[in-house]
Amino acid sequence: MVLTVKEAAALLGATDRQIYRWVDQGEIPFYRVHDQVRFNRTDLLEWATSRRLPVSLEAFDADLDPEDRAPSLAQALRRGGVHHDVPAADRETALRAAVNLTPMPAGVDREFLIDVLIAREHTSSTAIGAGIAIPHVRRPMVVAGSPTTVSVSYLEHEVPFGAPDLKPVGTMILIVSPTVRTHLQVLAHLATALQDPGFRGALDRRAPLAELALQADRLEGRAIPSGGKA
């Protein structure tokens, strides 16, 4: 989807002036149509995620019917699970282990997915900084008919990923989606969650699934009864 400066500002929760400043500085991906600045929403989402900038979910979902809105991040986490002490000697072994631990429908060619993710890493790092990598922002893992799944892998050993802040990666987050649109929706919600102190703190503590999903429930406004289970 092509966005104007005003639409890009709404998506990123910024002002038009800030958007033009990023354009002038060459910081933000853009192109020109008849001398007018335009943006690709996918490129902006990748850019915002890699720089840990919040995304306005209201603006992101504004043009979607209610039935097309993103599935629950908390439910996707519960499907994907949280995996501790995932063996990793380098980027390739980390990606391989994370893919093999992520629940997927029978018949999915995991080796092909692993090859795609490794190829993606060879073009540019998918680490977003602060020890976190989301290995498929631009090349989503799309499995037709699969429920949306988000898995978190806490690596046994931190691995250099060529992150912008030069910090090694200790946490990898994989998203499996039935469509590209769903992938982008979930990524937008995840990017926002990563800016929340409660969710981010749980991730930094390597919290178990119950705690991480509870934080996602809170962000989504899903009330959890006192003493109830997440």
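Residues numbered from 1 in each chain as written. Predicted model: local features only at pLDDT ≥ 70, side-chain atom pairs only at ≥ 80, totals over all residues. Heavy atoms only, no water.

Caption draft 1: Layout of the overall build of the protein. For the protein, the helix and strand inventory stands at ten helices and nine strands. Considering the protein as a whole, with its 230 residues, one finds that 47% of them fall into the buried category. Counting contacts in the protein only where the partners sit at least 6 residues apart, residues at least 24 apart contribute 66% of the total. Element-wise, carbon and sulfur atoms account for 52% of the exposed surface of the protein, whose accessible area totals about 11000 Å². (Helix = DSSP H or I, 4+ residues; strand = E, 2+ residues; numbered from the N terminus. Buried < 20%, exposed > 50% of the residue type's maximum accessible area, 1.4 Å probe, protein only. Contact = heavy atoms within 4.5 Å. Areas by Shrake-Rupley, 256 points an atom, 1.4 Å probe, with all protein chains shown as cover.)

Caption draft 2: Representation of the nonpolar core. Within the largest apolar cluster, 44 residues are counted, with the highest numbers of intra-cluster contacts made by I19, I28, F39 and L212. Sequence-distant contacts of L212, that is, excluding residues within four places in its chain, are made with L77, V82, V152, Y154, F199, A202 and L203. Formed by 24 residues, the second largest nonpolar core is a distinct cluster that contains V86, A98, M141 and V143. (Core = buried A, V, L, I, M, F, W, Y, C linked by side-chain atoms within 4.5 Å.)

Caption draft 3: A look at unusual backbone geometry. Of note, D85 is a non-glycine position whose phi angle comes to about 50 degrees, a positive value. For A130, which is not glycine, the phi torsion reads 60 degrees and is therefore positive. Relative to the helices and strands, A130 is located in the loop between β5 (127-129) and β6 (132-133).

Caption draft 4: Looking closely at the sheet that holds strand β1 (residues 2-3). Pairing is antiparallel in the open sheet, where three strands are placed in the order β1-β3-β2. Single-partner strands in this sheet number two, and they are β1 and β2 (31-33). When β1 meets strand β3 (residues 36-40), the two strands line up antiparallel, connected through two bridges. Bridge assignment links V2 to a residue of β3, and that residue is N40. (Pairing = 2+ DSSP bridges.)

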